[in-house]
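Chain and residue survey
Chain residues, written in single-letter form:
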Amino acid sequence: MKPFLETWVRRLTAGRVWKSFFRHGPVNTDLNRSLVITSNVALHLHPVKVRRDSVRFWYTIGLGGLSFLLFLVLVITGILLAFYYVPSTTLAYRSIKDIDNVVSYGRILRNMHRWAAHGMVITVVLHMCRVFFTYAFANPREFNWVIGVFLLLSTIGLSFTGYLLPWDQLAYWAITVGTSMASYAPVVGEKIRYVLLGGNVVGQGALIRFYVLHCFVLPAAMIGLLAVHFWRVRKDGGISGPQLVGTPERETVTAFPSKSYGLMAIVPGQDITAERYPEHYVLTWTHLIPKEVLATIIAIAALNLVSVFFNAPLEELADPRVTPNPAKAPWYFLGLQELVHYSALVGGVLLPALTVIGLLCIPYLDTRREATGVWLSRRRLVPNVIFGLFVVSMTVLIIVGTFFRGANWAFVTPW
Amino acid sequence: MKTAICISGVLLFISFLLILQDDFNQQWKQVQQRFATIDENRFYSADGDAYAAEPGVKQIVVSGLDRVDRCTTCHLGVQESKYAHAVAPFTTHPGDMLRIHDPKEFGCTACHLGQGYAVSFETAAHEKLEFWNETMLPRELLQATCGTCHLSEEVPAAPQLTRGRLLIRDKGCSGCHDLNNFFEDTPRGPDLEGIGNKTTPAWLYQWLKNPRAYLKDSRMPAFRLSDHEIVSLMEFLMSLNTKDSPPRLIKEQPSEEGNEDDGGTLVSESRCISCHAIHGRGGKLAPELERVGDKVREEWLANFLRNVHYYQPEKVMLEYNFTDRNALDIAAYVLGEFSEEAYELPDSVEALLPRSESQRKDRIEQGRKLMAKYGCDGCHTISGKRLSPRVGPKLTNIGSRLESTLDFGKMTDVVPTLYNWMYMKVKQPAVFDSTSIMPDFHLTDREALEITLALLGNRELEYSEEYLVRESERSLYRKPAGAFGELFERYSCISCHSIDKYGGDISTAPLTIEGSKVQYEWLKDYLLNPSAIRPLLAERMPRFRMTEREAALMADYIKKVYVSDDIPGFFEYELTSQSADAGRRLFMELGCRSCHIVEKTGGYVGPQLDDVGDRLEAGWLFSWLRSPLTYNAETIHPDYGFSEEQAKQLTAYLMTKRGAQ
């Protein structure tokens, strides 16, 4: 039996097809060992070795990775949903009803897409908070923070454009309210809204624009930005961590003759930081990949369970004549809508504009270069408190807008 | 780490299994499996229809009604009679509605509502489903959706809907609400100009407080008015007293001149009771007169009787040719006879009355505003004009109202469906909101249900025109031209008689083909001096006191214009005495006398026939006997299926029945 199996394995692995998949032969020579590394895609997305600090779960909480995972889920489920969805005001709602009722696994797919989308907004924001509170955007990572801000905007843009597509009352009025907040900007506000909607009201023009943005433009932008974001992580020497202490001398190739990663030593440039402070570095394959696999499994299992038991909302067919009271924007804009209730200029223009500009400027203003890679360092009390207050107050406003506002935006208690 | 990955891997596997079973165990799949157990030939229908041949989701796409109905995924037997006694949901559709409305053309949800896209009991909205507006209609309201396509007022196959629509018109809902065209937009109550001359403040007070205290079948609904509001309205109404110069103004003082006894004779002679009920007996067309003496002023009444169409431009009541004397006599009689006790203002209201001219002016102004606020002018115009647009919300699309926008107020234990809301609202208008200005119509449960049902069908949906049924059963009434037309209006013929299905239903004789039916001489005499044709009827033709010239003119016109080409003329020689004898035998054999009086004996159900030969045309009798239902769809006269010969014999016999004999 055993020789038979071995014969077949040998035949299989010796074939052209197999060799086109896997470039290395049996792992029995240094060359092949090195080929295992150099032809492994996971070890090209990641460095071969990563800092011990950065793979600690509670340092990153896996938020960046989780965001990327959810993005992948959204791409896959989104493509499947797009097979059924028709971006027309007369057919959109019906196609969602079909997906929910009669497309095989359609309801689950839509639920996964919806919950993953909400989840991604949350994980992206939390990822940004993590980066801020660990001062991970310090030099040389300022630009990656800027990319991250654009990724956040893309995420919100994707969520917002996707919100309209079901063409139900919830979608229609959330977008009506959301886009009317844009129109509060002086001079250009109305124009911006007109361009966004392809008209003065939410209609077929808006639906097709949102559809194109949601399915083509924003995902393409997202992928481009993600590529830069990841590439910069590698170029900036992996993710951030605290100041290293210990023996900063270079390792030589001969120090680890049996370890194929030693081949990396012949590569010049920042990548060979792997060779400094060897006691602070661990192998990606054994220390990071299993954690990522575990996180992926748990995240997908959780998403599956949520999607089986909780349905994505779908209200009545959109009716421009019937305004729900209150009409609410998507939840992540409810903090702004709450502010709009007090001052349209503050909630609709000043705060969003200042938030984006502020976020973009943070790494260039906050440049003291100390306590990088440390959660909530006391030496960074002032920036942490300011940023924390901002996040908490936005969260409180969103919670108030979501749960404590009823008809005519009057205060209500949800219980 | 390996353990953690293994455990979570198992979890992931289970979560995918859950997803698989979620799809695999869908309700409709189980239902179709159950169907297989009751019928081996499961998806094969009797005529080998391929539509039902395969298991799977079944749907009917009705593009004209913008619907996709998947109900037949589970209701597999609806179209096949062999499942008449099968268990739900496989039962055959009851009744023969599907023969008129083929499901392939109409689907299911256009009539039943519910969510046609869905394939489970819950999501199909058999019961209230959140975010789905069209909850399936309960049996009692099933006719509501007929009204969405059937846009003519009367839908014979949907009696509840028809009754509901008639009720909506009768209650004058369109006074306040914009409704579909077929709920005619005519004022329901009298014009109010001149009401200050007509009645007294005390009567107005109690009437505004509660119309039913004066008139128990009052059409006017009860507004929940405060005494303050009533006083303002009262002052405003009493200020409407300018209409006091009718063309035939009576100069004498009424009470001195009126003779009650003569008035009484005139009242019974004029057959007032045909339209006005007195002590619960009589016609329903006009207001009951039981306590009219406590309401109207005597001089106003006398002037009214002399100038009916001046006071009543809509000309429902006919213009009697009363003299001043007659009018004064009747007014004296009515005020003496039809009264209980004079109305008086309560002291608390007395105290609210304006003390000065400026206070009065304020009150009048407030009253005018209240009139507009409560939309009184929806039913009562003032000098033919409305003060304000309709005060109620538009109801042309009320059946599509989003249930999530309904305000149930404090009624939290009601299932929040539209029909529940509407039923409660029409039954008790202030039930959800005590500040509602909608008045109380005192509807019975059945009336409220029928109105709810008729309103539910008011939906502006994107239905294709080919599905809509618009033609009305009623043709439009046009005033006849010339001198006849003037007389026709003066005597308000159309209030009691119908022409081409338009008009009143008090008279049993439509005028459409009256000229082919009755003889000229008889008609002329009848107009001058109507006699009872049907002894049992309380409503009789009034005595108009018209001149002989007028009667001749009207009879002449009717004989020439209101005729049917289908009714043959007869020559005398065709009606021989032999055939008359044969007719008499037939008449006696069939026992016609159980309903008709002939030779002084017989029943009272049908018209007496002793002078029928003077009254009816032979051609009419012949045609009627051949096919009574052609001429009156509601007649109880049996159709004996007479041959032409038999009908001719009976006609010959009946034509010998002349009063002179």
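Residues numbered from 1 in each chain as written. Chains lettered and ligands numbered in written order. Predicted model: local features only at pLDDT ≥ 70, side-chain atom pairs only at ≥ 80, totals over all residues.

**Structural notes on the overall build of chain B**
For the record, the criterion: Helix and strand assignments follow DSSP, with helices taken as H or I runs no shorter than four residues and strands as E runs no shorter than two, numbered in order from the N terminus. Exposed residues have 12 or fewer other C-beta atoms within 10 Å of their own C-beta, buried residues have 20 or more, and residues in between are partly exposed; the C-beta atoms are placed from the backbone. We call two residues in contact when the distance between their C-beta atoms, placed using the backbone, is within 7 Å.
Looking only at helices and strands, one finds 30 helices and eight strands in chain B. Taking the principal axes of its C-alpha atoms as reference, chain B extends roughly 120 × 90 × 40 Å. Relative to its full complement of 661 residues, chain B shows a buried share of 33%. Long-range contacts, defined here as pairs at least 24 residues apart, represent 69% of the contacts in chain B between residues at least 6 apart.

**A closer look at the overall build of chain A**
Secondary structure summary: chain A contains 17 helices and two strands in total. In terms of principal-axis extent, the alpha carbons of chain A reach across some 75 × 60 × 40 Å. Split into buried and exposed, the 415 residues of chain A put 34% on the buried side. For chain A, contacts bridging at least 24 residues in sequence account for 75% of all contacts bridging at least 6.

**Quick look at the interface of chain A and chain B**
Quick note on the threshold: Charged residues are taken to be Asp, Glu, Lys and Arg, nonpolar residues to be Ala, Val, Leu, Ile, Met, Phe, Trp, Tyr, Cys and Pro, and polar residues to be all remaining types, Gly included.
Listed as interface residues are 23 residues of chain A and, on the opposing side, 24 residues of chain B. Contributions of two or more residues to the side of chain A that touches chain B are made by α7 (92-101) and α14 (289-309) of chain A. Looking at which element gives the most residues to the side of chain A that touches chain B, the answer is α14(A), with 10 residues. Across the side of chain A that touches chain B, the residue classes tally to 15 nonpolar, three polar and five charged.

**Topic: the packing of helix α13 (residues 260-269) of chain B against helix α16 (residues 324-337) of chain B**
Residue and element names in this part refer to chain B. Spelled out, the test is: Angular values range over 0 to 180 degrees, each being the angle between N-to-C directions of two axes fitted as lines to C-alpha atoms, with helices fitted over their stretch in contact. An angle counts as roughly parallel when it lies under 35 degrees, as roughly antiparallel when it exceeds 145, as roughly perpendicular when it falls between 65 and 115, and as oblique in every other case.
Between α13 and α16, the shortest axis-to-axis distance is 7 Å and the interhelical angle comes to 95 degrees. Here α13 lies roughly perpendicular to α16, going by the angle between them. For the pair α13 and α16, contact is made by Glu260, Asp262, Gly263, Gly264, Leu266 and Val267 and by Asn326, Asp329, Ile330, Ala332, Tyr333, Val334 and Gly336, respectively. Within the contact of α13 with α16, the residues separate by chemical class into six nonpolar, four polar and three charged.

**What to know about the environment of A:Val195**
Residues and elements named next belong to chain A. With respect to the helices and strands, Val195 occurs in helix α11 (residues 189-197). Residue classification places Val195 among the exposed residues on the basis of 12 C-beta atoms within 10 Å. Along the primary structure Val195 and Gly406 are separated by 211 residues, whereas in three dimensions their C-alpha atoms are 31 Å apart.

**Section: the confidence of the model for chain B**
In plain terms, the rule: pLDDT measures the predictor's confidence residue by residue and takes values from 0 up to 100.
Looking at chain B, the pLDDT average stands at 86 and 93% of residues meet or exceed 70. Predicted complex, confidence summary: ipTM 0.85, pTM 0.77.

**Remarks on α11(A)**
Residues and elements named next belong to chain A. The following threshold applies: The arc in question is formed by the directions pointing from the helix axis toward the C-beta atoms.
All buried positions along α11 are accounted for by Arg193, Leu196 and Leu197. Buried residues of α11, seen end-on, are gathered within an arc of 85 degrees and therefore sit on one face of the element. When the buried face of α11 is taken as reference, the exposed residues oriented beyond 90 degrees from it are Lys191 and Val195. Along its buried surface, α11 packs onto α10 (169-182) and α12 (204-235).

**What about the confidence of the model for chain A?**
Per-residue pLDDT for chain A averages 88, and the proportion of residues at 70 or more is 92%. Low pLDDT, under 50, characterises residues 252-274 of chain A; the predicted model gives this stretch 28 contacts beyond four residues in sequence or across chains.

**Comments concerning the packing of helix α6 (residues 63-82) of chain A against helix α8 (residues 106-133) of chain A**
All names here are of chain A. Which entries qualify depends on this criterion: In this scheme, a crossing is called left-handed if the near helix is turned counterclockwise away from the far one by less than a right angle; it is called right-handed if the turn is clockwise.
Between α6 and α8, whose axes approach to 8 Å, the crossing angle comes to 155 degrees. Classed by the angle they form, the pair α6 and α8 counts as roughly antiparallel. Along this stretch, α6 crosses α8, giving a crossing that reads as left-handed. Of the residues contributing to the contact of α6 with α8, the split by class is 15 nonpolar, eight polar and two charged.

**As for unusual backbone geometry**
What is expected of a backbone is that most residues other than glycine have negative phi and most peptide bonds are trans. Residues and elements named next belong to chain A. The omega torsion of the bond from Asn139 to Pro140 falls at 10 degrees, within 30 degrees of zero and hence cis. Topologically, Pro140 is positioned in the loop between α8 and α9 (142-164). Although it is not a glycine, Tyr105 adopts a positive phi angle of roughly 60 degrees. Mapping Tyr105 onto the fold places it in the loop between α7 and α8. Although it is not a glycine, Trp167 sits at a positive phi angle of roughly 55 degrees. With respect to the helices, strands and loops of the structure, Trp167 is situated in the loop between α9 and α10. Under the C-beta neighbour-count criterion, Trp167 is labelled buried, with 25 such atoms within 10 Å.

**Some words on the environment of B:Ile597**
Residues and elements named next belong to chain B. As for its position among the elements, Ile597 is in strand β7 (residues 597-598). Along the sequence, Ile597 and Glu645 sit 48 residues apart, while their C-alpha atoms lie 24 Å from each other. Leaving out residues up to four positions away in the same chain, Ile597 has contacts with Gly602, Gln608, Leu609 and Asp610.

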